Amino acid sequence: MNTTRWIGLSAVAILSAASIVFLPSSFSGAVVFVFLVFFASHLFSKATILSLALYLPFQKLLVFRVEGSIPFLDLFFRRVEEGLLLVAFVTILTDKIFMKKIRAAGIELPLCALVIIALIGTIKNRLVGYDVALFDLFLLLKGFFVFYIFDILDLRHRDIRLICKVFFITAIFIFGLGLVDMAAPERFRDLIGNVPVVNYRFGIPSAQSIFVHPGGFGWFMAFFASFAIAFFAVFDKKKYLFFAILFGLGVVMSMRFKSVAGLGAVGCMVLFLTSRTRKINLIFSIGLFILLFALLFGDKAKLLFEDKVYTYFQAPAQYDVARNVLYSTGLRIAQDYFPFGAGLGAYGGWIAALYQSPLYFYYGINEVWGLDPVVGGRFLTDTFWPYIMGQFGFFGCICYAWILIAFLSRCIRTYMKCDDLLLKAFSLGSFFILIEALIESIAEPVFSTPPQYFFIFACIGITYSFISSQKDRQGQVQI
């Protein structure tokens with residue numbers, strides 16, 4: 001260990017010891033945590049942030065296991081992600097500023113506009129306290145913190161290969177546990193201490209593996225299936241086709257329509273983007289998967305699709321369905337609070353549900369089943385775009401859509417124009433996971449809830465970082 005690291009470690013040890021001795025016990029743990037994260041982020045930035053990525057898929061399971069029984073661990077598991085992310089972002093950003101390695105990502109204008117809109121709406125309407133609004137602002141921006149952290153890490157080929165290998169192995173492990181969960185759900189969940197309730201759809205148990213809800217498992221499998229499809233499209237190796245089918249099966253096992261629809265959109269997109277020769281192989285592969293899917297789950301999938309169409313578009317009580325109410329009310333709020341929305345912490349997000357926003361009572365949605373914040377409001381955070389629309393208005397929606405379009409554009413241009421095959425595959429995978437996330441965001445806050453937001457924004461940041469490192473080193477990528 002070099003002198004700098006010895007000095008840094010010694011300083012952290014001294015400050016941590018001093019905080020334990022002189023500060024109240026309620027604060028000393030937080031201070032020690034900040035010092036340790038600061039030290040780790042400064043000297044081991046890549047390892048620190050990637051360790052957080054490995055933790056996040058297991059976060060909600062750990063929270064569920066200690067919830068109500070061990071208060072300290074409960075709080076730690078819930079907040080460690082946000083605390084580590086904030087300290088790491090400030091530390092890594094500060095290091096890069098001193099080293100003069102900060103570069104614009106091309107989303108600064110719409111992102112700053114979104115923040116200004118959020119602040120104007122909050123100050124103008126004052127529906128919640130400023131402390132609540134500030135917390136909600138952090139939750140809105142934390143995905144972009146992840147993006148900028150990975151963008152400025154200067155990731156190279158060896159880093160990308162290591163990341164892909166570690167997380168594909170993790171995904172295979174989680175898929176294997178999903179198979180066990182589907183075969184013996186009660187026994188498996190009792191063994192790992194997961195949520196005991198088994199969600200059956202048309203007689204089939206919805207697999208959730210180490211996640212506390214099948215939707216999390218479905219998204220996780222769709223995420224890695226999208227990357228496997230991208231790597232197969234670029235490298236044309238059968239092992240990536242195998243992984244795509246494997247993780248696609250995991251998506252189906254979750255019995256979640258939005259994940260199936262998101263992966264279906266990726267399948268359509270890859271056919272549109274690939275060359276004619278590889279398109280034949282892809283059509284054959286997708287056809288084989290669809291045949292396998294139809295043989296195993298065809299009847300159930302048909303019932304699932306018909307059920308969703310009926311529930312949201314045909315049922316007599318469709319206007320009382322929680323998600324439909326969230327969308328219609330979000331539109332009303334955007335109109336009533338035109339043009340900047342109701343402000344932070346007011347509607348559609350976790351903070352608005354936690355602090356029981358007055359808008360829920362003013363618009364009467366607290367009377368809808370699943371949306372009553374007094375008894376938990378279990379579906380209050382089941383969407384994403386009503387949150388953006390209600391809190392930041394039409395202009396806020398335009399800004400967020402602008403950012404996503406910029407991400408999509410950069411990823412697809414990199415795929416189309418670069419010569420480096422690994423960058424080509426990773427940028428296409430990032431494009432696919434954004435497409436899948438847009439489908440899921442209709443009925444899931446994927447851009448703001450862990451682990452989804454972290455993986456999505458991390459992949460986009462890795463793509464940007466990879467592009468920049470290739471330009472700096474070889475000048476190969478002209479986009």
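Report follows, based on the coordinates. In this text, all values refer to a predicted model and were calculated from it rather than measured experimentally. (Residues numbered from 1 in each chain as written. Predicted model: local features only at pLDDT ≥ 70, side-chain atom pairs only at ≥ 80, totals over all residues. Heavy atoms only, no water.)

### Let's talk about helix α10 (residues 238-254)
Stage number 1. Helix length check: α10 (17 residues) gives 25 Å between terminal C-alpha atoms against 24 Å at 1.5 Å per residue, within 8%.
Stage number 2. Extensive coverage of α10 is indicated by the burial of twelve of its 17 residues.
Stage number 3. Within α10, the full set of buried residues consists of Tyr240, Leu241, Phe243, Ala244, Leu246, Phe247, Gly248, Gly250, Val251, Val252, Met253 and Ser254.
Stage number 4. With its phi angle positive at about 55°, Met255 sits one or two positions after the end of α10. (Helix = DSSP H or I, 4+ residues; strand = E, 2+ residues; numbered from the N terminus. Expected span 1.5 Å × (residues − 1). Buried < 20%, exposed > 50% of the residue type's maximum accessible area, 1.4 Å probe, protein only.)

### Regarding the nonpolar core
Stage number 1. The biggest cluster of nonpolar side chains holds 132 residues, and the ones touching the most others in it are Tyr400, Phe407, Phe447 and Phe454.
Stage number 2. Among the elements that line this core, the one with the most residues is helix α9 (residues 214-235), at 16 residues.
Stage number 3. Setting aside residues up to four positions removed in sequence, Phe454 forms contacts with Ile49, Leu52, Ala53, Leu56, Val146 and Phe150.
Stage number 4. Core analysis: the second largest hydrophobic core is formed by 18 residues, Val325, Tyr337, Ala353 and Val368 among them. (Core = buried A, V, L, I, M, F, W, Y, C linked by side-chain atoms within 4.5 Å. Contact = heavy atoms within 4.5 Å.)

### Here we look at unusual backbone geometry
Stage number 1. Following Phe338, the chain continues into Pro339 via a peptide bond in cis, with omega recorded as 5°.
Stage number 2. The residue Pro339 is located in the loop between α13 (322-336) and α14 (350-354) in this model.
Stage number 3. Of note, the phi angle at Ser209 is positive, near 55°, even though the residue is not glycine.
Stage number 4. You can see Ser209 is positioned in the loop between β2 (204-205) and α9.
Stage number 5. Classification of Ser209 as buried rests on a relative accessible area of 0%.
Stage number 6. A positive phi is found at Asp236, a non-glycine position, where the angle reads about 55°.
Stage number 7. Along the chain, Asp236 falls in the loop between α9 and α10.

### Let's talk about the side chain of Ser357
Stage number 1. Within the secondary structure, Ser357 sits in the loop between α14 and α15 (358-362).
Stage number 2. One polar contact links the side chain of Ser357 to the main-chain carbonyl oxygen of Ala346, over a distance of 2.4 Å.
Stage number 3. The contact partners of Ser357, leaving out residues within four places of it in the chain, are Gly345, Ala346, Tyr347 and Ala352. (Polar contact = N/O pair within 3.5 Å; in protein donor to acceptor, adjacent residues only side chain to side chain.)

### Let's talk about the pattern of salt bridges
If charged atoms from side chains of opposite charge come close, those side chains can pair.
Stage number 1. Throughout the structure, instances matching the rule amount to nine salt bridges.
Stage number 2. Arg189 is paired through a salt bridge with Asp181; the nearest N and O atoms lie 2.8 Å apart. No difference in accessibility class separates Arg189 from Asp181, as the two residues are buried.
Stage number 3. For Asp382, the salt bridge goes to Arg323, with nearest N and O atoms at 3.4 Å. On the criterion of sequence distance, the pair formed by Asp382 in the loop between α15 and α16 (385-417) and Arg323 in helix α13 is long-range, its members being 59 residues apart. Of the two residues, Asp382 and Arg323, neither departs from the other in class, the shared state being buried.
Stage number 4. Overlapping salt bridges, with partners in common, bring together Arg79, Glu81, Glu82 and Lys142 in one network. (Salt bridge = Lys/Arg side-chain N within 4 Å of Asp/Glu carboxyl O.)

### Re the packing of aromatic side chains
Stage number 1. Applying the stated rule across the entire model yields 48 aromatic pairs.
Stage number 2. Arranged with centres 6.0 Å apart and planes meeting at 50°, the rings of Phe138 and Phe145 form a pair that is tilted.
Stage number 3. A residue is classified by how much of its surface remains accessible, and Phe138, at 15% relative accessible area, is buried.
Stage number 4. Centre to centre, the rings of Phe340 and Phe395 are 6.1 Å apart; their planes meet at 65°, and the pair counts as edge-to-face. Taken together, the residues span a long stretch of sequence, with Phe340 in the loop between α13 and α14 and Phe395 in helix α16 at a distance of 55 residues.
Stage number 5. For Phe340, a relative accessible area of 25% corresponds to the partly exposed category.
Stage number 6. Taking relative accessible area as the criterion, Phe395 reaches 37% and is therefore assigned partly exposed. (Phe/Tyr/Trp six-rings, centres within 6.5 Å; stacked < 30°, edge-to-face > 60°.)

### Concerning the packing of α13 against α16
Stage number 1. Across the interface, α13 lies against α16 with an axial gap of 7 Å and an inter-helix angle of 10°. Comparing their axes, α16 and α13 come out roughly parallel. Here α13 contributes Leu326, Tyr327, Gly330, Leu331, Ile333, Ala334 and Gln335 to the contact with α16, which in turn contributes Trp385, Pro386, Met389, Gly390, Gly393 and Phe394.
Stage number 2. Class assignment of the residues belonging to the contact of α13 with α16 gives a composition of nine nonpolar, four polar and no charged. (Axes fitted to C-alpha atoms, helices over the stretch in contact; angles between N-to-C directions. Parallel < 35°, antiparallel > 145°, perpendicular 65-115°, else oblique. Nonpolar A, V, L, I, M, F, W, Y, C, P; charged D, E, K, R; others polar.)

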